[in-house]
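Take a look at the letters that make up each chain.
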Amino acid sequence: MSDAEDVVVELPALLKNMQEMLNEEKWTRATLSNYSAAQFKELDAVLKECQEAHLYEELKTLCDEHLVHTKNSIIALYISGMIALSRQIIDDSAIVNLVNIFVDNHKWAIVKYLCEGILDYGESKFALRTLGDCYRSENNEEDIYGIWERLVKIDIEEAELAKSLAEHYEKQGDAAAAVDYYKKALHRYINKGSYKEVKDIWERLLNYVPEDLDFFLNVQKKIAKNIDKEKAGVLLKDVYEICKKRDDISNCIMILKIVLDYDDRDNQARREITECYRKNYTGHSQLEDYIRVSSLAQGPRNVREAIIDFEKHIAFDRGNFVYHRTWGVGRIDKVQGDDIVIDFAKKRGHSMSLKMAVNALQTLSKNHIWVLKAVWKKEKLHEKVKNDYQWALKTVIRSFDNSCDIKRIKAELVPQVLSPGEWTGWSTKAREILKSDPNFGVSPENIDLFTVRDRPISLEEKLYNEFKAEKSFFDRAATIREFVSHKDIELDSEYFTEMFGYFTGYLKSYSQVTEQVAASYLLVKDMAGKYPHLGTGFSLNFNEIFNAIEDVPSLFLSLKDTKLRETFLSHVKLFIPNWADVYINLFPYVLSAGIIQHLKSGGYGDKLTAMTAASFENFRDYREAAVWLFKNCSGEEWYQKANIPYEKQLIILIHILDISYREIENHRETTENRKINKQVYNILFADGTLDRFFDAADGYTILRIYTFINDVKDLDPAEKIRLRSRILEKFPDFKFLGEEEKKVTVLGLIVTMAKYQEKQRQMAKIISVDVPANSKEIEFAKSLGDLRENAEYKAALEKQAILNATLAKLNDEIERAQLFDPSTVNTSKAGFGTTVTIKNNTSGQEESYTLLGPWESDPDHNIISYLSPFGGTLLNKVVGEQFEFSANNEKISYVVEKISAAV
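Residues numbered from 1 in each chain as written. Predicted model: local features only at pLDDT ≥ 70, side-chain atom pairs only at ≥ 80, totals over all residues. Heavy atoms only, no water.

In this model, valine 414 is joined to proline 415 through a cis peptide bond whose omega is 0°. Structurally, proline 415 is set in the loop between α23 (406-413) and α24 (420-436). Of note, asparagine 643 is a non-glycine position whose phi angle comes to about 55°, a positive value. Topologically, asparagine 643 is positioned in the loop between α36 (637-640) and α37 (646-665). (Helix = DSSP H or I, 4+ residues; strand = E, 2+ residues; numbered from the N terminus.)

Moving on, we come to the sheet that holds strand β5 (residues 362-364). With respect to topology, five strands assemble into an open sheet ordered β4-β3-β2-β1-β5, the strand pairing being antiparallel. The sheet is open, and its two edges are formed by β4 (347-353) and β5, each paired on a single side. The mean angle between the axes of side-by-side strands here comes to 40°, regardless of whether they run parallel or antiparallel. Sheet topology note: the strand β1 (residues 321-324)/strand β2 (residues 328-336) ladder contains four bridges and is antiparallel. The residue bridging histidine 324 from the neighbouring strand is glycine 328, located in β2. (Pairing = 2+ DSSP bridges. Axes fitted to C-alpha atoms, helices over the stretch in contact; angles between N-to-C directions.)

Here we take up the packing of helix α10 (residues 160-172) against helix α12 (residues 195-208). Two elements in contact, α10 and α12, have axes separated by 13 Å at closest approach and are oriented at 30°. Taken as axis vectors, α10 and α12 run roughly parallel relative to one another. Here α10 and α12 pass one another in a crossing that is left-handed. Between α10 and α12, the contacting residues are Lys163, Glu167 and Glu170 on the first element and Glu197, Asp200, Ile201, Arg204 and Tyr208 on the second. Taken together, the residues that form the contact of α10 with α12 break down as two nonpolar, no polar and six charged. (Parallel < 35°, antiparallel > 145°, perpendicular 65-115°, else oblique. Left-handed = near helix turned anticlockwise from the far one by under 90°. Contact = heavy atoms within 4.5 Å. Nonpolar A, V, L, I, M, F, W, Y, C, P; charged D, E, K, R; others polar.)

By size, the foremost hydrophobic cluster in this structure holds 120 residues, and its most contacted members are Phe40, Tyr78 and Phe316. Beyond its immediate chain neighbours, meaning those up to four positions away, tyrosine 78 contacts Phe40, Leu43, Asp44, Leu47, Ile95, Leu98, Tyr113 and Leu114. In this structure, Ala580, Val627, Phe685 and Ile709 belong to the second largest nonpolar core, which totals 91 residues. (Core = buried A, V, L, I, M, F, W, Y, C linked by side-chain atoms within 4.5 Å. Buried < 20%, exposed > 50% of the residue type's maximum accessible area, 1.4 Å probe, protein only.)

Right, let's get into the layout of surface pockets. Its volume calculated, the second largest pocket comes out at about 2000 Å³. For the lining of the second largest pocket, the secondary-structure elements that each account for two or more residues are α11 (175-192), α13 (213-226), α15 (249-262), β6 (440-443), β7 (446-452), α25 (459-469) and α27 (494-508). Per-element accounting of the lining of the second largest pocket gives the leading share, 11 residues, to α13. (1 Å grid on protein atoms, 1.4 Å probe; cavity = no way out; pocket = protein on both sides within 12 Å on 5 of 7 lines; lining within 4 Å. Points joined across faces, edges and corners; volume = space filled by probe spheres on them.)

By the element assignment, serine 73 lies in the loop between α4 (56-69) and α5 (74-86). Residues within four places of serine 73 in sequence aside, it is in contact with Leu22, Glu25, His66 and Leu67.

Successive side chains on a regular strand alternate, one facing one side of the sheet and the next facing the other. Across four bridges, β6 lies against β7 in antiparallel orientation. Residue pairing for β7: glycine 441 is matched across the bridge by threonine 451. Where β6 hands over to β7, the hairpin turn is made up of two residues, counted between the paired strands.

Following the criterion strictly, the structure yields two cavities of 30 Å³ or more and no others. Computed from the structure, the second largest cavity encloses a volume of approximately 30 Å³. What lines the second largest cavity is simply Arg481, Leu522, Leu523, Asp526, Lys563, Leu564 and Thr567. Looking at the lining of the second largest cavity, the elements with two or more residues in it are α28 (515-530) and α31 (562-575).

Moving on: the packing of helix α16 (residues 267-280) against helix α18 (residues 303-314). Contact geometry of α16 with α18 gives a least axis separation of 12 Å together with a crossing angle of 5°. By the angle between their axes, α16 is roughly parallel relative to α18. Note on element contacts: α18 touches α16 through Val303, Ala306, Ile307, Phe310 and Glu311, opposite Arg270, Ile273 and Tyr277. A breakdown of the residues in the contact of α16 with α18 according to their chemical character gives six nonpolar, no polar and two charged.

Next up on the list: the pattern of salt bridges. Counted by the stated rule, this structure contains 45 salt bridges. Between arginine 204 and aspartate 200 there is a salt bridge, with the nearest N and O atoms lying 3.1 Å from each other. Separated by four residues within a single helix, arginine 204 and aspartate 200 lie in helix α12, roughly one turn from each other. Assessed through its relative accessible area of 24%, aspartate 200 is described here as partly exposed. (Salt bridge = Lys/Arg side-chain N within 4 Å of Asp/Glu carboxyl O.)

Our next topic: the pairing of strand β10 (residues 834-840). Of all seven residues making up β10, six are buried, and the element is well covered by its neighbours. For β10 and strand β11 (residues 846-852), the ladder comprises five bridges, and the chain directions are antiparallel. If you follow valine 836 over to β11, its bridge partner there is tyrosine 849. Taken together, β10 and the strand that follows it, β11, pair antiparallel across an intervening segment of five residues, in which glycine 844 is found at a positive phi of about 80°.

Bringing the side chain of aspartate 770 into the picture now. With respect to the secondary-structure elements, aspartate 770 resides in helix α42 (residues 753-783). We classify aspartate 770 as buried; its relative accessible area is 18%. When near neighbours in sequence (up to four residues on either side) are disregarded, aspartate 770 contacts Lys765 and Leu803.

What follows is about the confidence of the model for the chain. Mean pLDDT for the chain: 87, with 93% of residues reaching 70 or above. Confidence drops under pLDDT 50 across residues 1-9; counting only partners more than four residues distant or on other chains, this segment forms zero contacts. (pLDDT = per-residue confidence, 0-100.)

This paragraph deals with the state of the cysteines. Inspection of every chain in the model, using the stated rule, returns zero disulfides. Free cysteine cysteine 115: the closest other cysteine sulfur is in cysteine 134, separated by 5.7 Å. Not engaged in a disulfide, the cysteine cysteine 252 finds its nearest cysteine sulfur in cysteine 276; these two sulfurs lie 4.7 Å apart. (Disulfide = S-S within 2.5 Å.)

Take α31 next. Compared with the 20 Å implied by 1.5 Å per residue over 14 residues, the 20 Å span of α31 between its first and last C-alpha is a close match. Within the span of α31, buried status applies to Leu564, Thr567, Phe568, Leu569, His571 and Val572. (Expected span 1.5 Å × (residues − 1).)

With 12 residues, helix α6 (residues 93-104) should reach 16 Å at 1.5 Å per residue; the first-to-last C-alpha distance of 16 Å fits that figure. Every buried residue belonging to α6 is among Ala94, Ile95, Val96, Leu98, Val99, Ile101, Phe102 and Val103, and all of these are buried. The inward-facing, buried residues of α6 abut α3 (37-52), α5, α7 (108-119) and α8 (125-137).

The next point concerns the environment of phenylalanine 685. Tracing the chain through its elements places phenylalanine 685 in helix α38 (residues 670-686). Residue phenylalanine 685 is classed as buried on the basis of its relative accessible area, which comes to 6%. In the structure, phenylalanine 685 is positioned 34 residues away from glutamate 719 in sequence and 7.8 Å away in space, judged by C-alpha atoms. In this structure, phenylalanine 685 is in contact with Leu657, Leu690, Leu715, Glu719, Arg722 and Leu723, ignoring residues within four places of it in sequence.

Okay, here's the thing in structure tokens:
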């Protein structure tokens, strides 16, 4: 008992008072009739005092514990619920339960007070709907419509209230507001699949905005997808009748094509489109013949095929343009029966049958870019394109079925209209226009294809189309973030609804947490934090998501979005108890200064020390981490506590440099290895790390480090020579163990057949593959123009120089090579092709060396060149022979114990 009493005594006064209030409520069993809004205002005062005293968390914990035993405690439900709202915690069950208690007892004044309190923290579907019920119970029509407007704005599935609001504004004579809510209702009924309501609202909107053709065309696509294609076709016929009355033939044809695409057996639509074509091509000399030939008006032929055939034929009339793949652009001079005469630039008066023309020629509009290039003066077209970006872009895009990417635009303009140099600046401006100008959009099927709009496109529709066209999940995430960032875009639009639904769909049903599921959670939670109503209905928390991840580093690397990665890391620190271990596990893949700083400030220096030791110990697996830590953290106390000798750190960096060179040569993860290679090279050489180390080191240490450097075969020889010179400045008598002599004996360079063939293959590859490929790269780079600032051209020339130097070196070595015959191996003495086992008399240890040539030399595996100082000393030694070898003024005594043929 004493322990419990001590705990109570230790409670702050504010919490002690709350405990007493909760106990009093339980003991007196206060009835609902005793509660009024005034009592909740008193609780608000308690909340304010606790907030100022920084006791919010303790107060909520106290009330939550009380609710475990007294689930209907009014005080505990209110306090816990309001704190949850203030912290934007998704779980709002406490305040919802409290409101429902008073709703069930018809205490509307309190319900109203509670709902208004909830709404002080942001829009809530539950609070608005309940508040609407309050106003309805009071017959308060003046305020109820305002509540419904707010509810329709945040509840993107609410269709009935949207329709009621439209009818309300219709009675008020506010047509614009009525249309807005009818449109919202229409989209939402389509999502519900309610065709009866859809048809009713469709007809009302046609009366209000018959000219908004884009709206009806977009909506009919949703109807066809969500409800039924033929029903969408039926509704489109109403739009067709409006266009017909206006004599808008082109749109009549377009609408009837859609209708017939949905139902190719609709004979009435077939007759109507035939009449529309007759009106559209009145005066065409072959109109009726083409209708007959294509079987457009009637017949067993499929109507889609008949339309395609008719449109192919109808384009062939006097004065129209055509294109032939050999003769280029031509103009039709005359059509006589089944014969057609065309004037091409280099083949005038060419005659062919109509049937052949339909199959062999492509018809062109008079504004097609090919026609303009053929008939306009070059100077005129150049000036027009150069100075009128919008016109040029529209012309090219419309020339190719109103769907064109940047590559195609460039191909049409460069170099015939614009020079490569002009294109560089022109294309930058053109891209800005394509992205920002409302007269341009993107294809919903391909983000790279641009289209020209007959009517300007709204920003939200433009972003929506980009979202639909994106194939990558993370590109879509970036697009919806951009959508939300524009303050003038409403988040109750149907475009946002569909985009947001794409991500919430991943959270509604998943069997495992993929990168898409994790990213969707982070994205939805971030948006719900800014707009709380968006989080309604989601009870997931980050711990659930995280604990279900099978491989955290792999998933993290799959988050191809910088912002989402940052959010993931911040959530780990906020919600995962062992976040420090997670950070340590992630660091080799993230290499983030932020992770280091969080661990350091959190007091996890020991973990950083262990991570540093592990990164260097397992440097082959954690190369990037070891390099990053050396470069950025070597001065940190926790880094130095890893107790890795500085010499060992340098040797590891040299090994990493060598590994990266070999990986690049073998074409393994070339981009990553080039990046690592450059980092290590800069640390060791460009930053002067090795120079400073050699200046302070003794001769033996320098010999060890230089030996490792010298074994890096692909390192620039100039660096080796520079280091050698620096060492000799300090130690003039320094002897470089393993340094190969540059002289070649009169017999030439002895080599094995395997290495000789390898060098020949390497040389052949450079000649037959690398050099031609490099020539193509140079030509392509030249085509980009502006050679002074052409990075591709400079890189290609640098590669050409490297290839030429490598080829010259290989050619010289191959010419000097003397092939070794394995059958001539003499094991009576040490020579080329033998393995010599010797004993170090000083240390007592045995050492084995295989004597081969400089091409085969591999000191890591004790294969040394017969031309090296130590190899030359071993030559011609016999078993039992004693000899000495000097390195850096130290003489070491050896005895030859065994000589055998190298395997």
